[in-house]
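Descriptive analysis of the structure
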Amino acid sequence: MKFKKAPLARIALACLLAAAGAAHAQAQQTYKIAYIDPLSGPFANVGELMLMHTQYAIEDINAKGGVLGGTKLQLLQFDSKLSAQESQSALQAAIDQGAKAIVTGGSGSSVVTALVQSVARWNQRNPGKELIVLNHSSIDPEMTGKGCSFWHFQTEANTAMKMKALANYIKKTPDVKKVYLLNQDYAHGKQWASYGRQLVGLARPDIQFVGEALHPIGRVKDFAPYIANVKQSGADSVITGNWGQDMTLLLKAAGDAGYNLRYFNHSAGSVPGTVTAVSQAKLGQLTWVAEWHPGEADTPKVDALAKAYKAKTGKDFLAPRIDMTPRLLAAAINKAGSADTIKVARALEDLTFDSVVGPVRMRAEDHQLLLPQVVNTIVPVDGKTVKTGWEGTNYGFRTDAVYTGNELAQGTECRMVRP
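Residues numbered from 1 in each chain as written. Predicted model: local features only at pLDDT ≥ 70, side-chain atom pairs only at ≥ 80, totals over all residues. Heavy atoms only, no water.

1. Considerations on unusual backbone geometry
- Even without being glycine, Lys81 reaches a positive phi, approximately 55°.
- One can find Lys81 in the loop between strand 2 (72-79) and helix 3 (84-96).
- A positive phi angle is found at Lys282, which is not glycine, with a value near 65°.
- Here Lys282 is to be found in the loop between helix 9 (274-281) and strand 10 (285-290).
- The exposure class of Lys282 is exposed, given its relative accessible area of 62%. (Helix = DSSP H or I, 4+ residues; strand = E, 2+ residues; numbered from the N terminus. Buried < 20%, exposed > 50% of the residue type's maximum accessible area, 1.4 Å probe, protein only.)

2. Some points on the packing of aromatic side chains
- According to the stated counting rule, one finds eight aromatic pairs in the structure shown.
- Here Trp288 and Phe397 contribute two aromatic rings whose centre-to-centre distance is 5.7 Å and whose plane-to-plane angle is 65°, an arrangement assigned as edge-to-face. One end of the pair, Trp288, is in strand 10; the other, Phe397, is in strand 15 (residues 395-403), and 109 residues separate them in sequence. Taken individually, Trp288 and Phe397 each receive the classification buried, so the pair is uniform in this respect.
- Connected via pairs of aromatic rings, a cluster forms that spans Tyr56, Trp292, Tyr309 and Phe317.
- Lying across the ring of Tyr259, Lys231 places its NZ or CZ 5.8 Å from the centre. (Phe/Tyr/Trp six-rings, centres within 6.5 Å; stacked < 30°, edge-to-face > 60°. Lys NZ or Arg CZ within 6 Å of the ring centre and 35° of its normal.)

3. Considering the pattern of salt bridges
- Inspection of the entire model under this criterion finds 20 salt bridges.
- Close ionic contact of Lys301 with Asp354 constitutes a salt bridge, the shortest N to O distance being 3.5 Å. One end of the pair, Lys301, is in helix 10 (residues 300-313); the other, Asp354, is in strand 11 (residues 352-355), and 53 residues separate them in sequence.
- Taking the shortest distance from any N to any O, the salt bridge between Asp323 and Arg327 comes out at 2.7 Å. Note that Asp323 and Arg327 are positioned in helix 11 (residues 320-336) at a spacing of four residues, about one turn of the helix. (Salt bridge = Lys/Arg side-chain N within 4 Å of Asp/Glu carboxyl O.)

4. Brief notes about the environment of Gly314
- The topology assignment puts Gly314 in the loop between helix 10 and helix 11.
- What makes Gly314 partly exposed here is its relative accessible area of 48%.
- Gly314 sits 172 residues away from Glu142 along the chain, and the two C-alpha atoms are 37 Å apart.

5. With respect to helix 4 (residues 109-125)
- Over its 17 residues, helix 4 extends 24 Å from the first C-alpha to the last, a length consistent with the 24 Å expected when each residue adds 1.5 Å.
- Within helix 4, burial applies to Ser109, Val111, Val112, Ala114, Leu115, Val116, Ser118, Val119, Trp122 and Asn123.
- Summarising the contacts, the buried residues of helix 4 are in contact with strand 1 (30-37), helix 3, strand 3 (101-104), strand 4 (132-135), strand 5 (152-154) and helix 6 (187-203). (Expected span 1.5 Å × (residues − 1). Contact = heavy atoms within 4.5 Å.)

6. Some thoughts on the environment of Trp292
- Position of Trp292 relative to the elements: it lies in the loop between strand 10 and helix 10.
- Along the backbone, Trp292 and Val357 are 65 residues apart, and their C-alpha atoms lie at a distance of 7.2 Å.
- Residue contacts for Trp292: discarding those within four places in its chain leaves Thr299, Val302, Asp303, Phe317, Leu318, Pro320, Val357 and Val374.
- A polar contact of 3.4 Å, which involves the side chain of Trp292, links it to the side chain of Thr299. (Polar contact = N/O pair within 3.5 Å; in protein donor to acceptor, adjacent residues only side chain to side chain.)

Written out as structure tokens, the structure is:
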């Protein structure tokens, strides 16, 4: 009997070792990315849009073999609830689950800044277990300026770059004469107002800034009182950093008041519902800035991606930079030849990537991606400048001006500390 039990024991031990080895090998074949952005509350539609773009890119990367000759990317999902505190909890959960990179941006600059600071503290205390943060939509210039971090990479043009593009356009738009600054009361809203006054004022010294106000983010249900103040000021245009629900409700209030305003914004046109809100208001022109807009001419690579995305998800494609974010990460992992976070971060520095919107470069000195920006306006389809309606409306996007990332690049106050 002893001779019969011994082989069985050895077989059992061999099976356990084989299973452990297989589990270890499987773990080694997965690179975990944590998505942390709002998936509930007033900006849930924004977070879901960003999540879907991120998921699509990761699935496409995996379908083409993943990274490092077979390692697959795995996306973990967390709801930031638009809160710094909730984002900290999500970060800890992501760390506990083995994430090596965070993809974020839709929670607002103050939340993302807090997230980056927490990652930096974690990395300092836990060498060998570092994470990096890829930020596709929070655009406070401080994040790549005085508050820059080796662990943070910005894949969207920052506030100063976007406002410079708008200022260049406003310089050639003489009917903009009196401007009101109406923004959300948080870091980015204040920055948008400040850069608006500074850069638009520099481009057009004749423009009058006739008023300014900040409002709580995501909590105003009726913008009629704010519109009344704008109207009383005599403004013909509003510089506003509003997005999501705050933008659509602002458009509605102005439409209800019969007020035909021009709006200058960073990215609201890419959020679902904005075109519908403009079409329903029937008044006003919303001009915004992005790396691409739907219906833009001569963009075959984006058109092909948008078609494939729609076929797979059933949704409209809106943001190449979000799709680009995990692709940049994958390119850096392959360039580094390693999943080690410090090596990947260094590979991201000065990385040039042939994206669907053309070549882009991650500037090494401040981790700001230099990518093109298109100034465009939501207006009715006219068959010439705007040929296709959006969101089932007869409104679409008119291209007004196109600038390269290098044309909009700003100096930086970043003094990055590298490990």
